[in-house]
Structures are given as C-alpha cells and as structure tokens.
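Analysis of the macromolecular model
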Amino acid sequence: MTLENTTALVTGGASGMGEAIARRLADAGATVVVLDRDASKGEKVAADLDGRFVPADVTDETDVSAAVAAATALAPLRTCVHCAGIGWAERTLNRAGSPHSLETFRKVLDVNLVGTFNVLRLAASGMSANEPDDGGERGVIINTASAAAYDGQIGQAAYSASKGGVVALTLTTARDLSAVGIRVCTIAPGLVDTPLRVARDGAGAQSLHERRSRPDGCGHPHAAQVGRVEE
Ligand SMILES: NC(=O)c1ccc[n+]([C@@H]2O[C@H](COP(=O)([O-])OP(=O)(O)OC[C@H]3O[C@@H](n4cnc5c(N)ncnc54)[C@H](O)[C@@H]3O)[C@@H](O)[C@H]2O)c1
C-alpha cells in the first residue's frame, strides 16, 4: 500500500509507541491525524509532522467519529494504528484479602478493549468509502495488544483480560472486514521503554524484564499491590 496522498489515524499518538509510529508514517508520506486525550503533547506531535491533532477519548463515539471525519476530509483514510491504552497493576486478592476493585477492572476493559473496538469500527466505516487499490484493498487497521494477552503476570488480571480481548477480536473483525477489503492486524509487544515507563520507574522496567525471564514466569513486582502501569 502506498501512503502518499492518504491519511493515517494514530490513536495514542501523543506519546510512546503511538508517537513513534506517527513519525514513521509521516516520514513514509502519510498525512497523520493524531488522536489522543493529551492535548498538549498531541498538538505538539501533530505540528511537528504537519499533521492534525484531534483531542479524543477512544471510548467516546462522538470524539472518535470526529477524528475519523477529520482524517477522511484531508485524504482517503487508509491506515489506522490504535495505540491508546492504559495499564493497571492490582492483585485479584490483596495481602489483606480485599478483592480487586470491580471499578478499575471495568475501566481497563473500557479503555483497552471497548476503546479498541470503537476505533476499529469507526475507522472501518470511514475506510469503506475508499476506492479499492489494485489489490482490492481499502485500508488496514492495526491494534495493539501485549505479551500480557498470552502471559499475564501477577497483578495483571484486568490488563491481560483487556489485551486478550483485543487478540480475540482480531480474527473475527478481519473476517468481517475482508469483504470490504480492509485488513485487521494486532501486534503484541513485550516491554518497551516508552516515556511513561521511564518516568515511572526506569530501573523497574529492567526488573520486570528480569522477572519475566525467570523459569517460573512470575513476573509482576510483588510490591505493586495496586498502581498504574503503562504496559
Ligand atoms: N510500553 C510497553 O512496554 C507496552 C508493552 C505492550 C503493550 N503496550 C501497549 O502499547 C500501547 C501504547 O503504550 P505506550 O507504552 O506507548 O504508552 P504511553 O502511555 O506512552 O502512550 C499511551 C497514549 O495513550 C493515550 N491514552 C490513554 N488513554 C486514552 C484514551 N482513553 N483516549 C485517548 N487517548 C488515550 C495517552 O494519553 C498516551 O498518550 C498501549 O495500548 C499499551 O498497553 C505497551
């Protein structure tokens, strides 16, 4: 697929992997629309790329529809890379015997899984109006899961469930959308030193790397009973 004269929508494009992908897509010739809830960073990235920033929450239908409309108004939307996501570390039962918060479990599922499907369905709708290329393709949607979808660590019940859902919906949405020439793929990264991870604990990321490689596979920091994580 050629990226010249097309738009690429990158969610979570204000930071980390989304920002890096936005820069690569712009280098390859796409006009990039950065979608993020972080307006200050998102504006800056979009300005650097001569692209467009749309402030949006990926779980919100109106917000994401506006971002897709902004992208299709610039040029045919042929690429959507969905990187927006949140992390959460909380054991199913903490040391005092209290259960995982249902509210935080729902929140992680909402952003990581419902947000993925919201972006996917609305981007697909925007892409369906494209003329197919010589290979019959109208666009590609790339989701971001995690190694935690397959090998969740202690404290990653919500995060792993959300990313497992992203893996599970990939094949069925790819089958659904094959009829209109839209490909759906999902990547499942391991640990990546994004700005948020480094800001949080720098060396802690290395420590998780080390624990993940232990033969027993028990990797999550035992100290982290409850807390935000970025992967
Ligand atoms: N960093 C890692 O080690 C790692 C590993 C595996 C998977 N991942 C996944 O990769 C993706 C990107 O992670 P990252 O490390 O680059 O994180 P990051 O925190 O650097 O970037 C995530 C971006 O998503 C945005 N965002 C979060 N919730 C949003 C919402 N509801 N609506 C709109 N924007 C929202 C944030 O503002 C941020 O700019 C995430 O889905 C994460 O789960 C990361």
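So, here's what we can say about the structure.

Conventions used here
Along each chain, residues carry numbers from 1 onward, in the same order as the chain's sequence is written. The model is predicted, so local features are restricted to residues of pLDDT at least 70 and side-chain atom pairs to those at 80 or more, both for listing and for counting; the totals for chains, interfaces and linings are taken over all residues. Calculated side-chain values reflect all of the structure's heavy atoms, with hydrogen atoms and water omitted. Numbered from the N terminus, helices here are DSSP runs of H or I no shorter than four residues, and strands are runs of E no shorter than two. Here's how the labels work: a residue is buried when its accessible area is under 20% of the maximum for its type, exposed when over 50%, partly exposed in between, all with a 1.4 Å probe on protein chains only. Any pair of residues with heavy atoms lying within 4.5 Å of one another is described as a contacting pair. Note that accessible areas follow from Shrake-Rupley with a 1.4 Å probe, and for residues the cover is restricted to the protein chains shown. Put simply, a residue is near a molecule or strand once any heavy atom of it comes within 4 Å of that molecule or strand. Definition of a polar contact: a pair of N or O atoms within 3.5 Å, with one able to donate and the other able to accept a hydrogen when the atoms are protein atoms, and with sequence-neighbouring residues admitted only if both atoms are side-chain atoms. Strands qualify as paired when DSSP identifies two bridges or more between them. The axes are straight lines fitted to the C-alpha atoms, using for helices just the contacting stretch, and the angles between their N-to-C directions are given from 0 to 180°. Seen with its strands pointing away from the viewer, a crossover is right-handed when the path leading from the first strand over the helix to the second is clockwise. To count as a disulfide, a pair of cysteine sulfur atoms needs to be within 2.5 Å. Here a salt bridge means any side-chain nitrogen of Lys or Arg lying within 4 Å of a carboxyl oxygen belonging to Asp or Glu. Here the angle decides the label: under 35 degrees means roughly parallel, over 145 means roughly antiparallel, 65 to 115 means roughly perpendicular, and every other value means oblique. A crossing counts as left-handed when the near helix is turned anticlockwise from the far one by less than a right angle, and as right-handed when that turn is clockwise. Just so you know the grouping, Ala, Val, Leu, Ile, Met, Phe, Trp, Tyr, Cys and Pro go in nonpolar, Asp, Glu, Lys and Arg go in charged, and all remaining residues, Gly too, go in polar.

Helix and strand counts for the chain stand at seven helices and eight strands. Each of the 231 residues in the chain was classed as buried or not, and the buried ones make up 46%. Within the chain, contacts between residues at least 6 apart in sequence are counted, and of these 66% link residues at least 24 apart. Here the chain displays about 10800 Å² of accessible surface, and carbon together with sulfur accounts for 54% of that area.

On to the site of the ligand. Taken together, 30 residues form the shell around the ligand, and within it Ser-15, Met-17, Asp-36, Tyr-159 and Val-192 come nearest. Here Asp-57 contributes a side-chain N or O atom positioned 3.1 Å from a nitrogen atom of the ligand. One of the side-chain nitrogen or oxygen atoms of Lys-163 is found 2.9 Å away from an oxygen atom of the ligand. Burial of the ligand by the protein chains amounts to 97% of its free accessible area of 830 Å². Listed by contribution, the elements that provide at least two residues to the shell around the ligand are α1 (16-27), α5 (157-178) and α6 (195-201).

On to the environment of Leu-169, then. Among the secondary structure elements, Leu-169 is positioned in helix α5. Considered as a pair, Leu-169 and Val-184 are 15 residues apart in the sequence and their alpha carbons are 9.6 Å apart. Filtering out sequence-adjacent residues up to four positions away, Leu-169 remains in contact with Leu-113, Phe-117, Leu-120 and Asn-143.

With that settled, the discussion passes to the sheet that holds strand β3 (residues 52-55). Strand order in this open sheet of six strands is β3-β2-β1-β4-β6-β7, and the pairing throughout is parallel. Whereas interior strands pair on both sides, the edge strands pair on one side only; in this sheet they are β3 and β7 (182-187). The sheet shows a mean angle of 15 degrees between the axes of neighbouring strands, direction not considered. Bridging between strand β1 (residues 7-11) and strand β2 (residues 31-36) involves five bridges; their strand directions are parallel. Considered in β2, the bridge of Leu-9 is made with Val-33.

With that out of the way, let us pick up the pairing of β7. Of the pairings in the sheet, the one linking strand β6 (residues 139-144) to β7 comprises six bridges and is parallel in character. Bridging from a neighbouring strand, Thr-144 pairs with Ile-187 of β7. Regarding the hand of the β-α-β motif, the stretch spanning β6, α5 and β7 is right-handed.

What follows concerns the state of the cysteines. As enumerated under the stated definition, the model contains zero disulfides in all. Note on Cys-80: no disulfide assigned, nearest cysteine sulfur contributed by Cys-83 at a separation of 9.3 Å. According to the relative accessible area criterion, Cys-80 is buried, its value standing at 0%.

Structurally, the position occupied by Lys-163 is in helix α5. For Lys-163, a relative accessible area of 5% corresponds to the buried category. Here the side chain of Lys-163 touches Thr-144 through a polar contact of 3.0 Å, landing on its backbone oxygen. Once you skip the residues sitting within four places of it in the chain, Lys-163 turns out to touch Asn-112, Thr-144, Ala-145, Ser-146 and Ala-149.

Take the pattern of salt bridges next. Under the counting rule described, the total for this entry stands at five salt bridges. Between Glu-61 and Arg-121 there is a salt bridge, and its shortest N-O distance comes to 3.1 Å. With Glu-61 in helix α3 (residues 61-74) and Arg-121 in helix α4 (residues 102-127), the pair connects residues that are 60 residues apart, well separated along the chain. Classification of Arg-121 by relative accessible area gives partly exposed; the value is 33%.

Remark: α4 packs on α5, axes separated minimally by 8 Å, with the N-to-C direction vectors making an angle of 20 degrees. Relative to α5, the element α4 lies roughly parallel. As α4 runs across α5, the sense of the crossing is right-handed. Residues Phe-105, Val-108, Leu-109, Asn-112, Leu-113, Thr-116, Phe-117, Leu-120 and Ala-124 of α4 form the contact with α5, whose own contacting residues are Ala-157, Ala-158, Tyr-159, Ala-161, Ser-162, Lys-163, Gly-165, Val-166, Leu-169, Thr-173 and Leu-177. The class makeup of the residues in the contact of α4 with α5 is 14 nonpolar, five polar and one charged.

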